[in-house]
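# Summary of the model geometry
One letter stands for each residue in the lines below.
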Amino acid sequence: MKEIHEIKIGIIGGGQLGKMILSESNRMNLKTLVLDSNENSPCKNLCDNFYLGNLDNYNDIIEFGQKCDLITFEIEHINIDALFELEKIGKKVYPKPQTLSIIQDKSKQKQFYNENNLPTSDFNYYKNLEKLQDDVNIGKIRFPSVWKKTKYGYDGFGVKVLKSKKDISNLPDCEMIIEDFIPFKKELAVIVARNLNGEIKTYETVEMEFNVISNQVEFVISPSKISKELNLRAKKIAIEVTKKIDNIGLLAVEMFLTNDNNILINEVAPRPHNSGHFTIEACPTSQFEQHLRSILNLKLGNTKHNGNAIMLNLVGNDGFEGNVFYENLHEAFNEENTHLHIYGKEKTRANRKMGHITIICDKFEDAYKRATKLKNTIKVKSI
């Protein structure tokens, strides 16, 4: 059996999540290989070996995976057939390809919840826009409702609230699901980790505030401002999901807290997640270290969280595209207990995640006020 520093860990995807995984792996002196399609990936100079390739290309994934002992990923949009083949030839792939195959397709994911009696909203699957239009014409679709691409959606892309029939004409012709629109009080998330020994640990439930235009997370509030009973219920649902979907590694479970205090699963991500960035400063074990502990089958770390943390995303401002320029970034250093993370992406565009700031504070109101000030002051523009 190899010691952990002898294991070659392959990370598919070289964006900010990979970069933050590498921060932890480098601290532990682990051997890392990264595959990404961007030759100037944020991960390029932080890993032992960097490889350029198409994440959706079977041969590129196979060639990369053969160089590794253990393969993980920071993005879901990967050639799944290649991951199954790597597992078949004896490579360890965590989270498992079978788990990812369910999560990659939102229709399969929703069907999985139904088959396993996990709480979620009702939905219908449509192969194309014509099939959806047929149901709209006979009055089967109620408005408002939520449209989602079954594949390749992320960060608010591939999701749209349909307010009336006329919104149908602006949709792309692709496979899709239409979900019931759920009135809710809060959007919640729980990060849960599970290793091969079956050990499971969760972080506290967080609350997410979204931009109403871009549908992206603006603030992550930890812990969420909910009752102890609701916090425990949300964590219990996350544990149940990770067990039933047989996830090894991290799983981010996004949920709705409805107006009548039901908790419904929205969707999940089998990797470190934007809703867990606060753990770098707020918890003894960050979500990125916990992911490594999970896939290496090590004892899981302490997830205790004292005080309050607010994480705010720094995204590309509308109207700017090209080489990035950060305006008023120095303001982040004028606030106490404020931690800046810039992802190292050379190019910005509207709503692209370029960094984040985490504020640690005893009083939630103080942290929220400071987060709002920084959100309104720091701008991500282009030169």
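As a reminder, the structure under discussion sits directly above these lines.
Below: a short report on this structure.

Here is what the cut-offs are and how they apply
Per chain, the residues get numbers from 1 upward, laid out in the order the sequence is written. Local features in this predicted model are restricted to residues whose pLDDT is 70 or higher, and side-chain atom pairs enter the listing and the counts only when it is 80 or higher, whereas totals over whole chains, interfaces and linings include all residues. The side-chain values count all of the structure's non-hydrogen atoms but skip hydrogen atoms and water molecules. Only strands joined by at least two bridges in the DSSP assignment are considered to pair. Secondary structure elements follow DSSP: runs of H or I no shorter than four residues count as helices, runs of E no shorter than two count as strands, and numbering proceeds from the N terminus. Should any heavy atoms of two residues lie within 4.5 Å, those residues are counted as being in contact. Note on geometry: axes are lines fitted to C-alpha atoms, helical ones only across the stretch in contact, with angles between N-to-C directions running from 0 to 180 degrees. When a residue's accessible area, from a 1.4 Å probe over protein chains only, is under 20% of the maximum for its type it is buried; when over 50% it is exposed; and in between it is partly exposed. Charge assignment in this entry is limited to Lys and Arg as positive and Asp and Glu as negative, and neither His nor the chain termini are counted. By definition here, a salt bridge exists when the distance from a side-chain nitrogen of Lys or Arg to a carboxyl oxygen of Asp or Glu is within 4 Å. Pairing of N or O atoms within 3.5 Å defines a polar contact, subject to two protein rules: one partner must be a possible hydrogen donor and the other a possible acceptor, and residues neighboring in sequence count only if both atoms are side-chain atoms. Angle categories: roughly parallel below 35 degrees, roughly antiparallel above 145, roughly perpendicular from 65 to 115, and oblique for all the rest. Three categories are distinguished: nonpolar for Ala, Val, Leu, Ile, Met, Phe, Trp, Tyr, Cys and Pro, charged for Asp, Glu, Lys and Arg, and polar for the others, with Gly belonging to the last. Nonpolar core, defined: a set of buried Ala, Val, Leu, Ile, Met, Phe, Trp, Tyr and Cys residues in which side-chain atoms within 4.5 Å join the residues together. Working definition: rings of Phe, Tyr and Trp (its six-membered ring) pair if their centres are within 6.5 Å, and the pair is stacked with planes under 30 degrees apart, edge-to-face with planes over 60 apart, and tilted otherwise. We call a charge positioned over a ring when the NZ of a Lys or the CZ of an Arg lies within 6 Å of the ring centre and within 35 degrees of the ring normal.

Spatially, β3-β2-β1-β4-β5 is the arrangement adopted by the five strands of the open sheet, whose pairing is parallel. Looking along the sheet, the strands with just one partner apiece sit at the ends: β3 (49-52) and β5 (92-93). As paired elements, strand β4 (residues 70-73) and β5 share two bridges and run parallel to each other. Residue L70 lies in a different strand from β5, and its bridge partner there is K92. Against the sheet, helix α2 (residues 58-65) engages β1 (8-12), β2 (31-36), β3 and β4, with an angle of about 170° to β2.

This next bit is on the side chain of E254. Within the element layout of this structure, E254 appears in strand β14 (residues 249-258). It is R271 that comes nearest to the buried, bridge-free E254 among opposite-charge side chains, at 6.7 Å. Reaching out from E254, the side chain makes a polar contact with the side chain of H273 at a distance of 3.4 Å. Beyond its immediate stretch of four places on either side in the chain, E254 contacts L188, A189, M208, F210, L264, I265, N266, E267 and H273.

Attention shifts here to the sheet that holds strand β7 (residues 145-149). Strand order in this open sheet of four strands is β6-β9-β7-β8, and the pairing throughout is antiparallel. Where the open sheet ends on each side, the last strands, each with one partner, are β6 (123-126) and β8 (159-162). Direction aside, neighbouring strands of the sheet carry axes that sit 25° apart on average. Taken together, the four bridges between β7 and β8 define a ladder with antiparallel strand orientation. Looking across to β8, one finds that K148 is bridged to V159. Lying over the sheet, helix α5 (residues 106-115) contacts β6, β7 and β9 (176-180), oriented at roughly 145° with respect to β6.

This part is about the environment of F143. Here F143 shows up in the loop between α6 (129-137) and β7. For the pair F143 and K165, spaced 22 residues apart in sequence, the C-alpha separation works out to 7.9 Å. When residues no more than four places from it in sequence are discounted, the contact partners of F143 are V136, L162, K163, S164, K165 and I168.

Turning to its location among the elements, R194 is positioned in strand β10 (residues 184-194). Given a relative accessible area of 15%, R194 falls into the buried group. A sequence separation of 53 residues divides R194 from N247, and the C-alpha atoms of the two residues are 6.8 Å apart. Those residues within four positions of R194 in sequence are excluded, and the remaining contacts are E199, I200, T242, D246, N247, I248, G249, S294 and L300. A distance of 3.0 Å separates a polar atom in the side chain of R194 from the backbone oxygen of N247.

Between two packed helices, both the angle of their axes relative to each other and the distance between the axes serve to describe the pair. Where helix α4 (residues 97-104) contacts α5, the two axes come as close as 5 Å, and the packing angle between them is 105°. The pairing of α4 with α5 is recorded here as roughly perpendicular in orientation. Across the interface between the two elements, S101, I102, I103 and Q104 from α4 touch K106, K108, Q109 and F112 from α5. A per-class count over the contact of α4 with α5 returns three nonpolar, three polar and two charged.

Note on helix geometry: an α-helix contains 3.6 residues per turn, so any two residues three or four positions apart are oriented the same way. Of all eight residues making up α4, seven are buried, and the element is well covered by its neighbours. Those residues of α4 not exposed but buried are P97, T99, L100, S101, I102, I103 and Q104. Buried residues belonging to α4 abut β4, α3 (80-88), β5, α5, β14 and β15 (263-269).

Our next topic: the nonpolar core. One finds V241, L251, V253, M255, I263, I265 and V268 to be the most contacted residues of the largest nonpolar core, which totals 22 residues. Elements that contribute at least two residues to this core include exactly α4, α5, β10, α7 (228-244), β14 and β15. Examining the composition of this core, we find that five residues originate from one element, α7, more than from any other. Residues in contact with V268, not counting those within four places in the same chain, are E76, I103, Q109, Y113, V241, L251, A252 and V253.

On to the packing of aromatic side chains. In the structure shown here, the tally under the stated rule is five aromatic pairs. Ring centres of F112 and Y113 lie 6.2 Å apart, and the angle between their planes is 70°; on these two criteria the pair is classed as edge-to-face. Here F112 falls in the buried class, since its relative accessible area comes to 8%. A ring pair is formed by F219 and Y368, whose centres lie 5.4 Å apart and whose planes are at 50°; its orientation type is tilted. With F219 in strand β13 (residues 217-222) and Y368 in helix α10 (residues 364-377), the pair connects residues that are 149 residues apart, well separated along the chain. Taking relative accessible area as the criterion, F219 reaches 5% and is therefore assigned buried. In this structure Y368 comes out as partly exposed when scored by relative accessible area, which is 24%. Taken together, the ring pairs in this structure connect F219, F364 and Y368 into an aromatic cluster. Positioned above the aromatic ring of Y51 is the side chain of K67, whose terminal nitrogen or guanidinium carbon lies 5.0 Å from the ring centre.

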